[in-house]
Amino acid sequence: MKNPIYKAHRNALPNPENITRKVLPNGITFLTRSNFNSPTVSIKGYLHSGSIFDTDEKLGLSYLTANGLMTGTNHHDFQALYHEIESVGARLSFSAGTLTSSFNAHCLSEDLRLILGLASECICAPIFPEKEFNRQKTQMLTALAIRAQDTAAMSALLFDQIVYTGHPYERPEEGFPETIQAIQREDLMSFYQQTFGPKGMVVVIVGAVEPEEALSAVEDAFSDWRNPVQEKIPEIPLAHPLQSPKMKTLNIPGKTQADIVMGSLAPERLSPDYFALRLGNNILGEFGMMGRLGQHVREEAGLAYYAYSSLSVSKGPGAWEMIAGVNPRNIDQTIALMTKVIKNFTTAPVTKEELSDTKSYFLGRMPLLLESNSGVAISLMNMEHFNLGMNYFLEYPQKIQAITAQDILQSSRKYLDPDRLATAIAGP
Amino acid sequence: MTRSTQFITLPNGLTVHLKEIHTAPIISSWVWYKVGSRNERRGKTGISHWVEHMQFKGTEKFPAGYLDREISRVGGIWNAMTHLDWTTYYGTLPAHVFEITLSSEADRMVNSRFVPQEVDLERSVVISEREGNENQPSFLLAEAVQGAAFSTHPYRYEVIGLKEDIKKITRDDLYQHYRQYYHPGNAVLAMAGDFETASMLDKIKSYFGDIPKGEKTNGALPQDPPLKEEKHLSVSGPGQTSYVQIAYRAPSASNHDFFTMTVLDSLLTGPSSLNMFGAGGTSNKTSRLYHALVEGEISVSCFGGLQATKDPYLYSIFLTVHPAHTPDEVLQAVDQEIKRVLDAPITQSEINRAIKQAKALFAYSSENITNQAFWLGYSEMFDHYDWFENYIHHLSQVTPESVLKTAQSYLTPNNRVVGFYTPKKD
């Protein structure tokens, strides 16, 4: 253990001694960690409801349902609900992903029970008022019209359509204008009934509250909730890597800059390749000024303000993306340069210095990641979601240190083939 | 907001603010320079921002890329921002390897090289940054509104600068700007974190103490004359969505009206955090404009904001037009709500609510050491540190009568620019 932070501040890292975890009788898993450095708390969590349940015809239903949770409950209409939250400077919001619907709140610790109570109302007793539903639908349609003009969002959407062809992950959670138009309020009601329930739900609280008090507040808010007809999340199918390069382009007239996304599939979070790829991605497009991609595309060629890579892993197949925003006349040059960088990356092992640098980065950044309540809450949620174990942070340094340059090369080659890249371009 | 902070001015004029926080093994430092787009003129717009980019291109002691590597190696973060009145360079690192930020910040205060070839490469990077901004209708509209809101003051230009100026600025222009504004007398070093004040101060003296003082450069600017009448402008571009921006001339941060405007902003468009580092806030669903326009289905979103600036700047309200309505209808609906504020005093409970919200927003930003260090230097850029310490006190001095009076002074049609962004017809 070369990094002294791990010795001196061992107790500061989340570990079984400072995390309280309890499963309530209705299936909700609760985790908490106290931190009295500031008088605030972060509340985060998720339920097993998401766009994977949406039909193609009504894609976006999960998204509208999550957004609709705060439009009215049995006890509060829209204005009354937000009046309670905003009057104390708190925040509560819901969002939907493919496999989960999440909630996120922060407040002063003195308002914990108030905010948990309101979150519980929204989650357990929403009524989706007709008027608010119609307003929300118009807002969503406007958001999609804005998305259609966003080169970064549209290139990301095209990229998913290439790498996840035929897989549920090829669909954007927000849907399309025609699928949003097809959704009625009754669809939200039945979607909610079918997919929202306490089984598999996770609630995390981090901040200025004792574990016993946090547990008691969560029990008061959620322990009575049941849904005997809650559906199980479907099995996630495998995705198949491209057998040849594939490109999709979208013309968005009148724009000044084009966005390029290149890349491939990536494995799921629990893959044995995960740590090698995480370090490899850092070298390829994160470290310092956006890694090798930033060095070649921005620093040496001056082609782009941003050129970086991103590894997205979750349950089921992930994605490995290399992204740049460039002037339209530089698209071909940038693609050629990024392909060259990818080719070099998958041909020769990373250097000793690069490996040492990236390991040092992953070990050194832990205090920064974990200094805010929100940062700790995200970490606890991920530990639970991916079943990483309560010792995850204690074992983390060994896992990072064990990775070799050959591990990175072999793992990267498995997923990233410069001759079979997906390329998406959106711009003028 | 306690008085545990140490304030020191070195003989060469460097202002130093130090605050010990021992909750995590981290130190955050911010070097603030009193230079931004406020210090620019036509032909050289964007030069402060570009100098900020060049500050990452290395010195003889720390060649380009060296610090990126060294700071990333220890898991630290570092970056910079340029704004209207200031440019700041921040770094947050594990405490045991922190000294490199002092060493490098002292070094690049005087020794940056501005190699011509790197200047040219960075020119295309800055143009690319600007082109990315131009993809957003909100940028195009804001740039036009800002330009119309001032006739002479440099606040009329976006921080990133005009493209034609970025194309023409030379290496020598950049270097001269750097030499003029980067010196201890024009800088504030603010640090928070896991250190012992006396020994940290010794280190600061050893790195910065010998740097020459420099010329005082940041004097008062002639103020723009008041707008004589309401200005209207239109921008058209791609898309299907229309936007409205309404920008009122607003008081500077040091003017007591600023705090009254803060309460007005909270009431009209929701409370906003002055922290520029994503410390979290609350939503704005109970604000008057959201209630009237978004719930009234005239716009689909609205937000607003006041910026703490050295000279009077703008209070802007930004709305996305509902597809069934027009920008004119949005403007009329906003004006009805402004009229309500002008016709009747708000209640004391609405002021109390704004104060509680401001306290909560400050509490969120105290969760993290980077944000705490931000606050130590930020208010020095447009006023003094006391501005920050007395912020809640000043808000508590606001009364329903003062809100009414301030609204009557500032929220009038002849004190504003109204901009519409509409989709270009094919």
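Bear in mind the structure is a predicted one, so any value in this text is a computation, not a measurement. (Residues numbered from 1 in each chain as written. Chains lettered and ligands numbered in written order. Predicted model: local features only at pLDDT ≥ 70, side-chain atom pairs only at ≥ 80, totals over all residues.)

Colleague: When you look at the overall build of chain B in this model, what are you seeing that I'm missing?
Modeller: Counting its secondary structure elements, chain B contains 16 helices and eleven strands. Computed over C-alpha atoms, the radius of gyration of chain B comes to 22 Å, within 12% of the 22 Å expected from 2.2 N^0.38 for 426 residues, which places it in the range of a compact globule. Here chain B holds 426 residues, and 53% of them are scored as buried. Taking the intrachain contacts of chain B between residues at least 6 apart in sequence as the baseline, contacts between residues at least 24 apart amount to 82%. (Helix = DSSP H or I, 4+ residues; strand = E, 2+ residues; numbered from the N terminus. Rg over C-alpha atoms; globule rule 2.2 N^0.38 Å. Buried ≥ 20, exposed ≤ 12 C-beta atoms within 10 Å, placed from the backbone. Contact = placed C-beta atoms within 7 Å.)

Colleague: How should helix α2 (residues 66-73) of chain B be read in this particular structure?
Modeller: Quick reminder: α-helices carry 3.6 residues per turn. Residues three or four places apart thus point the same way. Of all eight residues in α2(B), six are buried; the element is thus mostly enclosed. Among all positions in α2(B), only B:Leu67, B:Asp68, B:Glu70, B:Ile71, B:Ser72 and B:Arg73 are buried. The inward-facing, buried residues of α2(B) abut α11 (287-300) and α13 (352-364) of chain A together with β4 (77-82), β5 (87-94) and α3 (99-110) of chain B. Where α2(B) ends, the next residue or the one after it, B:Gly75, has phi of about 80°, a positive value.

Colleague: Sorry if this is basic, but what is going on with the confidence of the model for chain A here?
Modeller: Caution applies to low-pLDDT regions: their predicted coordinates should not be interpreted in detail. In the predicted model, chain A carries a mean pLDDT of 95, and the fraction of residues at 70 or more is 97%. Contacts for the low-pLDDT stretch residues 1-11 of chain A, under 50 throughout, to residues beyond four places or in other chains number 16 contacts. (pLDDT = per-residue confidence, 0-100.)

Colleague: Got a minute to help me understand the pairing of strand β2 (residues 15-20) of chain B in this structure?
Modeller: Note on strand geometry: in a regular strand, side chains alternate between the two faces of the sheet. Residues and elements named next belong to chain B. For β2, the tally of buried residues reaches five of six residues, placing the bulk of the element in the interior. Bridge count for strand β1 (residues 6-9) against β2 is four bridges, and the pairing is antiparallel. From the neighbouring strand, glutamine 6 faces β2, where its bridge partner is leucine 18. Turn length for the β1-β2 hairpin, with the two strands adjacent in sequence and antiparallel, is five residues, and the turn residue glycine 13 shows positive phi of about 100°. The pairing of β2 with strand β6 (residues 187-193) spans six bridges and is parallel. Considered in β6, the bridge of leucine 18 is made with methionine 191. (Pairing = 2+ DSSP bridges.)

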